[in-house]
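# Structural overview
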Amino acid sequence: MATSEQTIGRSDTRGNGINLVLWAILLLFLLTAPAYIYTVFAMQLLCFALFACAFNLLLGFTGLLSFGHAAFFGAGAYLAGHAIKVWGLPPLAGILLGTAAAAVLGYVIGWLAIRRQGIYFAMITLALAQIIYFFGLQLPFTGGENGLQGIPRGHLFGFLDLNQPLVMYYFVAAVFLIGFLIIYRTIHSPFGQVLKSIRENEPRALSLGYNVTRFKLIAFIISAALSGLAGATKSVVFQFASLTDLHWQTSGEVILMTLLGGLGTIFGPVVGALTVVSLQHELSSLGSWVQVVIGAIFIVCVLVFRRGIIGELARLLKTSSM
Amino acid sequence: MAEPAATTTSEAGEALLSVRDLNAYYGESHVLHGIDFDLRKGEVVTLLGRNGAGRTTTLRAMLGLVDRRSGSVKVRGHEIIDLPTHRIAHLGLLGYCPEERGIFASLSVEENLMLPPTLGEGGMSVEEIYRMFPNLEEVRHRTGMRISGGEQQMLAIARILRTGARLLLLDEITEGLAPVIVKTLGRMIGDLKQRGFTIILVEQNFRFASRLADRHYVIEHGKVVDRIDGTDLENSMERLNRYLSV
Amino acid sequence: MDVMMRLILAQGMLGLNNGVFYAMLSLGLAVIFGMLNVVNFAHGALYMLGAFVALILSSYLGPWIGLDALHLGFWPALIIAPIVVGCFGMLIERTMLRWLYKFDPIYGLLLTFGIALVLQGLFSNYFNSAGTPYPAQPESLRGVVHLGFMVFPKYRLFAILFSIVVCFLTWFVIERTRLGATLRAGVENPELVQAFGINVPRMITLTFGFGTGLAGLAGVLAAPIYSVSPLMGANIIIVVFAVVVIGGMGSILGAITAGLALGLIEGMTKVFYAPAANTVIFFLMVIVLLIRPAGLFGRQN
């Protein structure tokens with residue numbers, strides 16, 4: 001399983017000019033997006049892009065396919081929402097609490113799921129996330145089918161009014177950038193190198209003396225926490241948390257974003273999220289056809305486009321890391 | 001590559017198998033670089049050589065069990081180089097006994113025996129097989145992994161005798177077996193030769209092979225580098241030892 | 001008999017009713033996984049497809065082709081639907097799955113997930129998500145049977161017995177016949193089986209067809225019990241995944257037993273603590289993961 005297409009995702013870390021260009025585009029986009037796209041849409045985009053990047057840390061850089069990442073996204077959303085709305089916490093504290101909750105949940109689910117590998121890991125995470133979904137449906141504070149509504153945006157640091165769209169936007173952009181940098185740093189740290197060696201060849205990583213289980217678990221927790229951060233931020237932006245956030249289809253969508261953008265690439269998940277979220281907006285009038293289109297993209301990606309958009313681009317430009 | 005001259009050592013028979021310029025690849029690595037050899041009906045030949053020389057790959061390439069191959073393999077006049085693996089056994093009446101025997105652990109001895117499909121007329125009946133290998137009848141309800149190595153080897157050969165295969169490809173059948181069993185196998189090969197089977201032996205155990213074979217092909221680095229007739233063996237020992245010594 | 005006991009037995013029977021569907025679906029998944037090393041995420045969607053084929057045969061096909069009087073009932077559906085679904089499965093294998101065997105098995109899961117979304121989306125467009133009742137339950141299976149501790153719908157009893165027979169037959173064919181021996185050998189060493197002259201690619205296609213056909217059959221059997229809904233497959237497949245993790249995918253008998261037992265347990269949970277009925281199977285999965293990570297009947301490797 002060592003040749004390039006047979007393992008899930010792959011890259012190395014040589015920086016180059018193209019990377020700088022992509023960084024520049026990303027920062028420029030973050031700064032200027034409200035000038036040319038609808039602010040709420042831009043914020044939704046950034047939340048999902050962060051979610052996809054967090055997911056990619058696990059699938060693309062560690063080789064673990066979690067089919068239950070909606071649990072962390074949703075848990076972050078519900079907990080932040082509840083903390084802000086019912087306990088009256090300020091927005092930032094609520095978001096951090098949601099993130100922490102997702103991290104704890106990630107610890108529990110990861111600790112359980114890591115006992116099995118590959119395809120079983122995917123099924124186990126899916127099943128465990130379903131427990132969280134039913135909690136979302138049945139627990140007294142979640143609002144059942146209606147979800148948690150009317151979460152106030154409040155004031156950041158006590159004086160920045162998040163009800164101002166631009167203030168809200170730049171807050172979300174900052175959250176995204178911080179999350180993105182954390183992931184970037186993780187990937188390029190010695191820790192990230194070990195993750196990649198686990199992805200390439202787990203038995204070899206084991207024989208080199210790495211505590212593979214521990215590394216996988218830490219990666220899982222980081223990924224879960226950042227997914228929770230994305231969900232929590234989303235709940236403040238939209239002022240609600242709903243069962244959709246916890247649903248398996250959300251887990252599927254984040255996989256698609258990552259796959260479409262390019263597994264194991266740095267900017268791929270952002271591009272993937274941009275594509276999928278835009279598509280959902282464009283097709284939202286078509287009802288269930290959205291699902292058909294999403295499914296069809298999945299099929300095409302898996303069959304003929306396994307490198308994803310950024311992965312293909314990197315191949316065309318003959319660079320190894322984007 | 002020297003075209004093997006018409007053989008004078010074996011009785012004249014029709015050419016059953018001819019392999020020409022056989023190349024084989026596993027992924028990117030080029031393992032066989034143009035193997036040539038011929039086999040007449042009723043002959044026993046061995047493929048000798050060091051580990052990794054390409055002997056097993058030669059058999060596997062004939063069966064289409066490599067990633068890519070080129071050249072020509074003709075069995076009974078049929079070109080089989082481009083055929084999918086599952087048609088080759090039928091067309092060539094080929095019986096394959098792989099390295100490590102290939103006994104199925106999840107199948108009983110009898111299920112293992114009955115597994116390969118019938119290829120043509122004249123295969124041995126189950127009764128005949130149990131007469132030839134009485135041990136197998138005793139253990140026929142055990143699973144494939146709960147019988148001795150010798151019994152496994154018997155089973156691996158027995159199951160291809162049932163199918164009506166006439167050309168047997170036997171890969172390292174003596175490996176890891178006690179001398180007394182190797183002796184039995186030797187008698188069995190002699191017996192099969194008497195019955196008119198054509199046999200290719202891939203062997204490490206040269207003493208075992210030398211007494212049985214009409215001809216020996218020495219393979220090195222994916223090529224046939226020498227051909228030694230069975231009758232000429234005494235005079236060629238020194239040469240052979242040089243090929244096979246490490 | 002006291003009330004509690006009756007209640008337990010009654011819920012047990014209903015649970016068993018769900019259990020036979022879990023068993024049939026996890027059996028199909030196990031058969032497919034054994035041969036193809038693919039976890040078929042579309043299995044739930046194909047179960048839904050089976051139910052819809054039955055519904056279409058009874059209510060829609062006639063009007064579509066201009067024969068308003070044509071209503072193909074339950075018995076024809078019981079034969080036609082699994083064949084239709086099985087053929088659809090083989091088409092999927094031939095045209096798509098086949099190209100992924102050389103890659104990480106995760107891609108097979110993702111591909112079939114995409115197929116599941118497409119199927120679910122398509123049926124959601126044309127049929128009510130809340131479900132359509134299946135109108136053609138056979139006359140001979142209407143009414144109830146008295147079981148002593150409860151009255152039980154005749155049809156449900158039929159579905160339970162029929163499914164158990166199908167599961168047993170599948171087990172018998174795989175474990176006790178020559179055909180089954182060939183399949184098991186193909187799982188163990190496809191290369192050698194191929195060298196013996198058996199057409200393994202065709203065997204793989206047929207196996208996938210059979211496994212998906214089982215899902216279709218389960219769908220037809222489920223149609224008269226639950227209403228036929230585009231979402232019915234998605235709801236059941238995740239539970240069946242948990243069943244498969246609990247049973248271990250290596251064993252045919254394990255898949256059947258785990259399916260039946262977990263259906264029963266789920267039913268019982270309704271008696272003791274109803275809110276947990278949705279999640280009890282997932283929690284059992286957690287416990288099994290803690291004690292025997294390979295699953296109750298799985299081989300550790």
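Here, every reference points to the structure presented above.
## Description of helix α8 (residues 200-222) of chain C
Over its 23 residues, α8 of chain C runs 33 Å from end to end, which matches the ideal 33 Å to within 8%, given 1.5 Å per residue. By the criterion of burial, α8 of chain C is predominantly enclosed, with 19 of the 23 residues buried.

## Focus on the pattern of salt bridges
Residues and elements named next belong to chain A. One pass over the full model with this rule turns up 18 salt bridges over all chains. Measuring nitrogen to oxygen at the nearest pair gives 3.1 Å for the salt bridge that ties Glu312 to Arg315. Taken as a pair, Glu312 and Arg315 lie in helix α14 (residues 308-316) at a separation of 3 residues, close to a single helical turn. We classify Glu312 as buried; its relative accessible area is 15%. What makes Arg315 partly exposed here is its relative accessible area of 45%. Connected through shared salt-bridge partners, Arg307, Glu312 and Arg315 make up one network.

## Description of unusual backbone geometry
Positive phi, normally seen in glycine, also occurs at Gln239 of chain A, with a value near 65°. Relative to the helices and strands, Gln239 of chain A is located in the loop between α9 (212-238) and α10 (243-246). Its relative accessible area of 29% is what places Gln239 of chain A among the partly exposed residues. A positive phi angle, close to 50°, is found at Glu172 of chain B, a residue other than glycine. Take Glu172 of chain B: it is sitting in the loop between β7 (167-171) and α7 (179-194). With a relative accessible area of 4%, Glu172 of chain B lands in the buried category.

## Points about the packing of aromatic side chains
Tallying each qualifying case throughout the model produces 41 aromatic pairs over all chains. Ring plane angle 90° and centroid distance 6.5 Å describe the contact between Trp289 of chain A and Tyr126 of chain C, whose orientation is recorded as edge-to-face. With Trp289 of chain A in helix α13 (residues 289-304) and Tyr126 of chain C in helix α4 (residues 105-126), this pair bridges two chains. Seen from their ring centres, Phe298 of chain A and Phe113 of chain C are 5.0 Å apart, and the 75° between their planes marks the pair as edge-to-face. Of this pair, Phe298 of chain A sits in helix α13 while Phe113 of chain C sits in helix α4, each in a different chain. A relative accessible area of 1% places Phe113 of chain C in the buried class. Among the aromatic residues, ring-to-ring pairing joins Phe67, Trp248 and Phe298 of chain A together with Phe41, Phe113 and Phe241 of chain C into one connected group. Over the face of the ring belonging to Tyr107 of chain C we find Arg306 of chain A, whose NZ or CZ atom lies 6.0 Å from the ring centre. The side chain of Arg166 of chain B reaches across the aromatic face of Phe197 of chain B, ending 4.5 Å from its centre.

## Describing a positive patch on the surface
A cluster of basic residues, Lys183, Arg187, Arg207 and Arg211 of chain B, forms a positive patch at the surface. Position of Arg211 of chain B relative to the elements: it lies in the loop between α8 (206-210) and β9 (215-220).

## Some details on the packing of helix α2 (residues 43-64) of chain C against α8 of chain C
All names here are of chain C. In contact at an axis separation of 7 Å, α2 and α8 are set at 50° when each is read in the N-to-C sense. On the basis of the axis angle, α2 is oblique to α8. The crossing of α2 and α8 is right-handed. Where α2 abuts α8, its residues His43, Leu46, Tyr47, Gly50, Ala51 and Ala54 lie against Gly211, Thr212, Ala215, Gly216, Ala218, Gly219, Val220 and Ala222. Among the residues forming the contact of α2 with α8, the class breakdown is 8 nonpolar, 6 polar and no charged.

## Some thoughts on the pairing of β7 of chain B
Residue and element names in this part refer to chain B. Across the 5 residues of β7, 5 count as buried, placing the element largely inside the fold. Burial along β7 is two-sided: the face carrying Leu167, Leu169 and Asp171 and the face carrying Leu168 and Leu170 are both buried. Sheet topology note: the strand β6 (residues 94-97)/β7 ladder contains 4 bridges and is parallel. Counterpart to Gly95 in the pairing with β7 is Leu168. Pairing of β7 with strand β8 (residues 198-202) involves 5 bridges; the strand directions are parallel.

## Considerations on the interface of chain C and chain A
Contacts between the two partners involve 45 residues from chain C and, on the opposite side, 42 residues from chain A. In this assembly, chain C packs against chain A so that about 4,200 Å² is buried in total across both faces, 79% of it on carbon and sulfur atoms. Connecting chain C to chain A are 0 salt bridges. Along the contact surface separating chain C from chain A lie 3 residue pairs in polar contact (both at pLDDT 80 or more). Partitioned by chemical class, the residues of the side of chain C that touches chain A number 34 nonpolar, 9 polar and 2 charged.

## Re the interface of chain C and chain B
Contacts between the two partners involve 18 residues from chain C and, on the opposite side, 24 residues from chain B. A buried area of about 1,800 Å², summed over both sides, lies between chain C and chain B, and 62% of it is on carbon and sulfur atoms. Across the chain C-chain B interface, the total number found is 2 salt bridges. One salt bridge connects Arg60 of chain B with Glu191 of chain C, and the closest N-O pair in it is separated by 3.0 Å. Taken together, the links from chain C to chain B amount to 8 residue pairs in polar contact (both at pLDDT 80 or more). Per-element accounting of the side of chain C that touches chain B gives the leading share, 6 residues, to helix α6 (residues 178-188) of chain C. When the residues that make up the side of chain C that touches chain B are grouped by side-chain class, the tally is 7 nonpolar, 6 polar and 5 charged.

Rules of the game
Residues numbered from 1 in each chain as written. Chains lettered and ligands numbered in written order. Predicted model: local features only at pLDDT ≥ 70, side-chain atom pairs only at ≥ 80, totals over all residues. Heavy atoms only, no water. Helix = DSSP H or I, 4+ residues; strand = E, 2+ residues; numbered from the N terminus. Expected span 1.5 Å × (residues − 1). Buried < 20%, exposed > 50% of the residue type's maximum accessible area, 1.4 Å probe, protein only. Salt bridge = Lys/Arg side-chain N within 4 Å of Asp/Glu carboxyl O. Phe/Tyr/Trp six-rings, centres within 6.5 Å; stacked < 30°, edge-to-face > 60°. Lys NZ or Arg CZ within 6 Å of the ring centre and 35° of its normal. Patch = residues over 30% accessible without salt bridge, like charges linked within 9 Å, V, L, I, M, F, W, Y side chains within 5 Å. Areas by Shrake-Rupley, 256 points an atom, 1.4 Å probe, with all protein chains shown as cover. Lys, Arg positive; Asp, Glu negative; His and termini not counted. Charge placed at Lys NZ, Arg CZ, Asp CG, Glu CD. Axes fitted to C-alpha atoms, helices over the stretch in contact; angles between N-to-C directions. Parallel < 35°, antiparallel > 145°, perpendicular 65-115°, else oblique. Left-handed = near helix turned anticlockwise from the far one by under 90°. Contact = heavy atoms within 4.5 Å. Nonpolar A, V, L, I, M, F, W, Y, C, P; charged D, E, K, R; others polar. Pairing = 2+ DSSP bridges. Buried area = accessible area lost by both parts, 1.4 Å probe. Polar contact = N/O pair within 3.5 Å; in protein donor to acceptor, adjacent residues only side chain to side chain.

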